[in-house]
Amino acid sequence: MLEKSNIPKKLAKTLSQLGIFLHILSCAFGIMYFSFPVNSFIFDIFGVILIASWILNALILLIDDSYLNKSTVIGKKLNRLTYYNIILFIIGLLLILWGVILTAFILDGLLLVITFLMIIIGFFGIELISLQLALTTFLNIDNRGVCKFE
Amino acid sequence: MYVNLNKTILLKYLKLLLAILSFSTFIIGIYFTIVLFIPLEDGISSSFSFFITQISGFLMFLYLIPTILLVKLIPTIKRRSLVKKCILVFGLCLTFLNALPLIATPISIQTAENEFNIAYGENWRAQIPSTVDSYFLPTQFNFYNYLLGFSHRDCNVDTDVKYYDNDGFQLYFDVYYPKSTTAQLPGNNSIIIKIHAGSWQFGDKSLGNVLVLNKYLAAQGYVVFDIQYGLLDAGGSSFIPTPDHVRGNLTLHDMVYQIGNFTKQLATTFASTYNANLDSVFIMGGSAGAHLTGVIGLGYNDPYFAGNFSNALNIKGIVPIYPPNFADPYFTHEPLSRLIPGDPLSNPLAFEKFTPSNLADATDPPAMIFQGLRDDLVPLINAETIKNALNANGVDCMLLTFPFAAHASDLIVGNTFSQVWVYYLERFLYLEQ
């Protein structure tokens, strides 16, 4: 039987593990998609993984905020990482959003290439910074004093 | 010590800045969410509603992440936990409300399925060979097209081809056509004439006429003619880019005449230049362009427009996108009243003939209509009237409705509405060609 106090710890561990898996998968699919941008059932799976990984990143941020012991050195560093994650996530999202809007109104040329680059940079930026957060959370969860699950 | 103090102050200000930015996002979020659900009269809100409904999936993340940021920025002191919870609940509410257009996608799909089942029978997918189906969108909606832009194959584009030079007006079109002339593509070189939106006063081909869809359809084997037509210059201004050379003191008769002129040149010259199939022609347009699509597509065989269009075109279908239907009241108030000389009493025939539903008869081509249910500029009743008129004459007319879609909700092709729309549009075009 799981002790009640162990449930948040288990949950955080599972979510960060899942986050690592989904972000890596999402990056792999992203490379495939940007190399061969066709409409396919395979990429339907990619779409679901993509949105799930973003939601998971938000959940990991919430868990880190709730259980992180910010008075320890590692806790402090991890807390700082969550701020970077939030800011870069927003910048990445805005890059993708503007890229998507602009591609709808540009026929061809350099400007179109720039908008595609905006989308690609935004996507990989979000995925990599989210992967870093999930990985750092997972690796530090068992370190004594980093998290306050009790 | 001094450096540490500076760092602490810097961090404090940085956190304050982040808190202000997060609160600003909340305030903008509240306004955008109101615009998403409630039609507001002022021009700016109306313009915002065109785009907000199409990007609400992005906005929901843009509200969710600052919510977490704000929660983090409030120090964990017992008496402040209620504030934290309130912020969290409020942010999650904003996020959820902006997710509703995405959540409502199955409703649009079900409506479209029902319309197709009625028009082509429940087994309509069997009429599309798998070799053809492989060119189409595999599913009605997917997240990658929504979040990373609508993917499409490449095509050829010729821009600014002149088709009209008369009365001081020079009009041009862009043509999108397949790269390969040998591949057996679903479009079979069928022609699509695209007429842009802009309340008969503004707008242009290309940028203002959903060019991603033009490219997508051309890559499928269609020859898409994205045309300009003369516009009424009533002196107003708009955020919609409009070339000066197409504006003048024009009426609807002039516009239909100019487009009729295009059909004649299409038959004599352009069809052979671009290897386009005159025996399979579709007319498509949004808003004002949808009105003209209705007038031309349904009035093609009407004696009122006799001699205006080329007889060589075989119109297989029309695609009005959020179409205005009623000449009265649309053309009875300034400045649009200038589009039809006189009024419904002094010039009843013109008002009758520029109401597309009045032109419906049994020989008309089938239609597929896009209609947003949150469209406060052109409400649902317009599309319903056209559909009922065609159905009453035994002509298929599929009305695809989209909850939360405002006017011009098809501009960003990867959005929730457009993906469903394109999925059924490409199948409609194939089945009717």
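Treat the numbers as computed from the prediction; the structure is a model and nothing was measured.

Here we come to the overall build of chain A. A tally of regular secondary structure across chain A gives four helices and zero strands. Overall, chain A shows an N-to-C arrangement of helices and strands of α-α-α-α. Overall, the C-alpha framework of chain A stretches about 60 × 30 × 20 Å when taken along its three principal axes. Per-residue burial for chain A yields a buried fraction of 36% across its 150 residues. Intrachain contacts of chain A at a sequence separation of at least 6 include 76% that bridge at least 24 residues.

Next up on the list: the overall build of chain B. The helix and strand inventory of chain B stands at 14 helices and 10 strands. Taking 433 residues into account, the globule formula puts the C-alpha radius of gyration at 22 Å, and chain B, at 25 Å, falls close to it. Along the longest, intermediate and shortest principal axes, the C-alpha atoms of chain B span 90 × 55 × 40 Å. The buried share among the 433 residues of chain B stands at 52%. Contacts spanning at least 24 positions in sequence make up 77% of the contacts within chain B whose residues lie at least 6 apart.

Here the focus is the environment of Asp410(B). Residues and elements named next belong to chain B. Relative to the assigned elements, Asp410 resides in the loop between β10 (397-402) and α14 (416-432). In sequence terms Asp410 and Thr105 are 305 residues apart; their C-alpha atoms lie 14 Å from each other. The contacts of Asp410, once residues within four sequence positions are left out, are Val210, Gly286, Ile321, Phe370, Phe417, Ser418 and Trp421.

Residues and elements named next belong to chain B. The buried fraction of strand β2 (residues 169-177) amounts to seven of the nine residues, a majority that puts the element mostly inside the structure. Hairpin geometry of strand β1 (residues 156-166) and β2 is characterised by an intervening segment of two residues between the two adjacent antiparallel strands and by a positive phi of about 50 degrees at Asp167. Alignment of β2 against strand β4 (residues 223-227), held across four bridges, turns out to be antiparallel. The residue of β4 that forms the bridge with Phe173 is Ile227.

Turning next to the interface of chain A and chain B. Contact residues are listed per partner, giving 34 residues for chain A and 29 residues for chain B. Of all the secondary-structure elements, those providing two or more residues to the side of chain A that touches chain B are α2 (41-67), α3 (73-103) and α4 (110-140) of chain A. Broken down by element, the side of chain A that touches chain B gets its largest block of residues, 13 residues, from α2(A). Across the side of chain A that touches chain B, the residue classes break down as 26 nonpolar, six polar and two charged.

Residues and elements named next belong to chain B. What the eight strands build is an open sheet, ordered β1-β2-β4-β3-β7-β8-β9-β10; its pairing is mixed. In the strand order of this sheet, the two ends are held by β1 and β10, each with one partner. For this sheet the average axis-to-axis angle between neighbouring strands, irrespective of direction, equals 20 degrees. Where strand β8 (residues 315-321) lies against strand β9 (residues 367-372), two bridges are found, and the strand directions are parallel.

It is worth spelling out the nonpolar core at this point. If you look at soluble globular proteins, the nonpolar side chains tend to sit buried side by side. Residue and element names in this part refer to chain B. Residues Val223, Ile369 and Leu400 are the most contacted members of the largest nonpolar core, which totals 168 residues. The biggest single contributor to this core is helix α3 (residues 56-73), with 11 residues. The residues that make up this core include at least three from each of domain 1 (2-103) and domain 2 (105-432). Leaving out residues up to four positions away in the same chain, Ile369 has contacts with Pro320, Pro323, Ala383, Ile386, Lys387, Cys397, Met398, Leu399 and Leu400.

Moving on, we come to the packing of helix α1 (residues 7-35) of chain A against α2(A). All names here are of chain A. Close contact between α1 and α2 brings their axes to 8 Å; oriented N to C, the two are set at 145 degrees. In this structure, the crossing between α1 and α2 has a hand that is left-handed. Across the interface between the two elements, Pro8, Ala12, Leu15, Ser16, Leu18, Gly19, Leu22, His23, Leu25, Ser26, Phe29 and Tyr33 from α1 touch Phe43, Phe46, Ile49, Leu50, Ala52, Ser53, Leu56, Asn57, Leu59, Ile60, Ile63 and Tyr67 from α2. Split by residue class, the contact of α1 with α2 holds 18 nonpolar, six polar and no charged.

The next thing to look at is helix α10 (residues 288-299) of chain B. All names here are of chain B. End to end, α10 covers 16 Å across 12 residues, agreeing with the expected 16 Å (1.5 Å per residue, within 8%). Of all 12 residues in α10, 12 are buried; the element is thus mostly enclosed. Within the sequence span of α10, burial applies to Ala288, Gly289, Ala290, His291, Leu292, Thr293, Gly294, Val295, Ile296, Gly297, Leu298 and Gly299. For α10, the secondary structure elements touched by its buried residues are β3 (190-195), α9 (252-273), β7 (277-286), β8, α12 (348-353) and α13 (380-392).

The next subject is the packing of α2(A) against α4(A). Residue and element names in this part refer to chain A. Close contact between α2 and α4 brings their axes to 10 Å; oriented N to C, the two are set at 40 degrees. Put simply, α2 runs oblique to α4. As for the relative orientation of α2 and α4, their crossing is left-handed in sense. Residues Ser53, Asn57, Ile60 and Asp64 of α2 pack against Glu127, Ser130, Leu133, Ala134 and Thr137 of α4. For the contact of α2 with α4, a count of residues per class yields three nonpolar, four polar and two charged.

Reading guide: rules and limits
- Residues numbered from 1 in each chain as written.
- Chains lettered and ligands numbered in written order.
- Predicted model: local features only at pLDDT ≥ 70, side-chain atom pairs only at ≥ 80, totals over all residues.
- Helix = DSSP H or I, 4+ residues; strand = E, 2+ residues; numbered from the N terminus.
- Buried ≥ 20, exposed ≤ 12 C-beta atoms within 10 Å, placed from the backbone.
- Contact = placed C-beta atoms within 7 Å.
- Rg over C-alpha atoms; globule rule 2.2 N^0.38 Å.
- Pairing = 2+ DSSP bridges.
- Nonpolar A, V, L, I, M, F, W, Y, C, P; charged D, E, K, R; others polar.
- Axes fitted to C-alpha atoms, helices over the stretch in contact; angles between N-to-C directions.
- Core = buried A, V, L, I, M, F, W, Y, C linked by C-beta atoms within 7 Å.
- Domains from an automatic or database assignment.
- Left-handed = near helix turned anticlockwise from the far one by under 90°.
- Expected span 1.5 Å × (residues − 1).
- Parallel < 35°, antiparallel > 145°, perpendicular 65-115°, else oblique.

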